[in-house]
Amino acid sequence: MTDPTLRRPAWPASQVRPLVSPLQPSVVYVSPDPDTLDAQYEGRVPGHVYAREGHPNADVLAGMIDRLEGATGGVVTGSGMAAVGIAMLAALKAGDHVVGGDQLYGRSLRMLSEDLPRFGITTSLADPTDLAAIEAALRPETRLILIEVVSNPTLRVADLDGIARLARARGILLAVDNTFTTPRGIRPLAHGADIVIHSVTKLLAGHADATLGYAVARDPALNAAMKVAATTWGTTASPFDCWLAERGLLSFELRYDRAEETAARLADHLAGQPGVRRVLYPGRADHPDHNRAGALLAGRFGNMLSFELEGGRAAANAFTRACPGLAFAPTLGDVATTLSHPASSSHRALTSEARAALGISEGFFRVSVGIEPLDALIAEVDAGLASAREAAEAEC
Ligand SMILES: *Cc1c(COP(=O)(O)O)cnc(C)c1O
């Protein structure tokens, strides 16, 4: 006889529904009979079968991000890179060529330059702020262009409208990684993008406690192909991460607006301080792409800023040690402000010449501004700058 304690307990019946989405970790769903299962697989009745193919917490989250992006049918994945991956798997085949922005997220760059070529897909990189450079990179077999609207870490703004027109005219798919700008900054589908990708890990979930991605296409057939790729290649998101992200997303707009306002003020503060060589924020008139940012982002310049200290690595070390309230951690989009040093993290694999060409020196920092009060952040950076100036003087 089977031990009855191993039987699954029945879920209590209820006439009411919970206000908050339940967390549903079940891997599998029980059907009443094969006819119902048929009907489910054919989309005639709602329901789930096996979690890798989809589960309620992912559906709820996908619907929320769909609404933010003005899209339908988006797919939630286990990470931002999984979302980039399923877009490539669904859209490309051997013999195709891809043009990528030359300042894409590091792992996306690696996917394009090392991984896709192993599957017979050739790739080129070009500067997306320069429409002529993108056009020059196109080939007859170019199938897809992948760009980010605002680049990491120099916050250059792509010529999205120009690239979208070019892609449309040539019958090429345009995929936009909207992680930095978020749908609060721009909705790429409205600008002619065919695919929008997110690392939900960052600003959308917003609490640095869930690793997730999202991809959506304008064309329902491409959405369906991404869903198949996600199921086949197993990029499924954890229900718990989706549940956390749903909660995080409820405050996304408030968090974004607050962080953006603080970022603009912090950028202006930094620009006036001795020992700061330059500040990069698309909302500042001295940013190289300020005019394009103003037109494209409609005044939504985001929570990311970068700055460069005088005094190189010694000043950079002194800065991070003297402002422990700014977590020195290579992520972005958390409720707390985080500081990253590209020369020792995201861009460490580049030669110092390649970094210099991008404008990334040893004194270069990227700041993901969180929701703390501006005064608290100014106190932190001022302490950091004082210490950095001492270190820079000691170096001379
Ligand atoms: C972080 C990030 C990714 C990758 O997302 P993960 O969730 O870490 O896999 C992709 N693109 C951009 C712009 C990112 O910042």
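Calculation rules
- Residues numbered from 1 in each chain as written.
- Predicted model: local features only at pLDDT ≥ 70, side-chain atom pairs only at ≥ 80, totals over all residues.
- Heavy atoms only, no water.
- Helix = DSSP H or I, 4+ residues; strand = E, 2+ residues; numbered from the N terminus.
- Buried < 20%, exposed > 50% of the residue type's maximum accessible area, 1.4 Å probe, protein only.
- Contact = heavy atoms within 4.5 Å.
- Pairing = 2+ DSSP bridges.
- Axes fitted to C-alpha atoms, helices over the stretch in contact; angles between N-to-C directions.
- Phe/Tyr/Trp six-rings, centres within 6.5 Å; stacked < 30°, edge-to-face > 60°.
- 1 Å grid on protein atoms, 1.4 Å probe; cavity = no way out; pocket = protein on both sides within 12 Å on 5 of 7 lines; lining within 4 Å.
- Points joined across faces, edges and corners; volume = space filled by probe spheres on them.
- Nonpolar A, V, L, I, M, F, W, Y, C, P; charged D, E, K, R; others polar.
- Domains from an automatic or database assignment.
- UniProt positions renumbered as here; feature names shortened; annotations may be inferred.

1. A short note on the overall build of the protein chain
Okay, so step 1: Helix and strand counts for the protein chain stand at 14 helices and 12 strands.
Okay, so step 2: Judged by the C-alpha coordinates and their principal axes, the protein chain covers about 80 × 55 × 40 Å.
Okay, so step 3: When the 396 residues of the protein chain are sorted by exposure, 51% land in the buried category.
Okay, so step 4: The contacts in the protein chain between residues at least 6 apart in sequence include a share of 72% that link residues at least 24 apart.

2. Observations regarding the sheet that holds strand β6 (residues 195-199)
Okay, so step 1: Spatially, β1-β7-β6-β5-β4-β2-β3 is the arrangement adopted by the 7 strands of the open sheet, whose pairing is mixed. Each edge of the sheet is formed by a strand with only one pairing partner; in this case those strands are β1 (75-77) and β3 (122-126). Across this sheet, the average inter-strand angle for adjacent strands is 20°, counted without regard to direction.
Okay, so step 2: Relative to strand β7 (residues 213-217), β1 is paired through 3 bridges, and the arrangement is antiparallel.

3. Points about unusual backbone geometry
Okay, so step 1: Cis geometry marks the peptide bond from N152 to P153, where omega comes out at -5°.
Okay, so step 2: Take P153: it is sitting in the loop between β4 (142-148) and α6 (160-170).
Okay, so step 3: With phi around 60°, T182 is a residue other than glycine that occupies positive phi space.
Okay, so step 4: Tracing the chain through its elements places T182 in helix α7 (residues 182-185).

4. Some points on the packing of aromatic side chains
Okay, so step 1: Tallied over the full model, the rule gives 6 aromatic pairs.
Okay, so step 2: Ring plane angle 45° and centroid distance 5.7 Å describe the contact between F252 and Y256, whose orientation is recorded as tilted. Here the residue F252 and the residue Y256 both occupy positions in helix α10 (residues 252-271), the gap between them amounting to 4 residues, near one helical turn.
Okay, so step 3: Here F307 and F319 contribute two aromatic rings whose centre-to-centre distance is 5.4 Å and whose plane-to-plane angle is 65°, an arrangement assigned as edge-to-face. Placement of F307 in strand β9 (residues 304-309) and of F319 in helix α12 (residues 312-322) is noted, with a sequence separation of 12 residues between them. The same class applies to F307 and to F319, which are both buried.
Okay, so step 4: Here a set of aromatic residues connected by ring pairs shows up, and it is made of F307, F319 and F365.

5. Here's the deal with empty space enclosed by the protein
Okay, so step 1: Under the counting rule described, the total for this entry stands at 3 cavities of 30 Å³ or more.
Okay, so step 2: Empty space within the largest cavity amounts to approximately 90 Å³.
Okay, so step 3: Lining the largest cavity are 13 residues, and of these Q103, P128, E148, S151 and R156 lie nearest its centre.
Okay, so step 4: Looking at side-chain class alone, the lining of the second largest cavity contains 8 nonpolar, 2 polar and 1 charged residues.
Okay, so step 5: There are two domains that each give the lining of the second largest cavity at least three residues, and those are domain 1 (34-249) and domain 2 (252-395).

6. A look at the UniProt feature "modified residue: N6-(pyridoxal phosphate)lysine" (unreviewed entry) in the protein chain
Okay, so step 1: The UniProt entry lists K202 under the feature "modified residue: N6-(pyridoxal phosphate)lysine" (unreviewed entry), expressed in the numbering used here.
Okay, so step 2: Relative to the helices and strands, K202 resides in the loop between β6 and β7.
Okay, so step 3: Residue classification places K202 among the buried positions, given a relative accessible area of 11%.
Okay, so step 4: Those residues in contact with K202 that sit more than four places away from it in its chain are Y105, T179, T331, L332 and G333.

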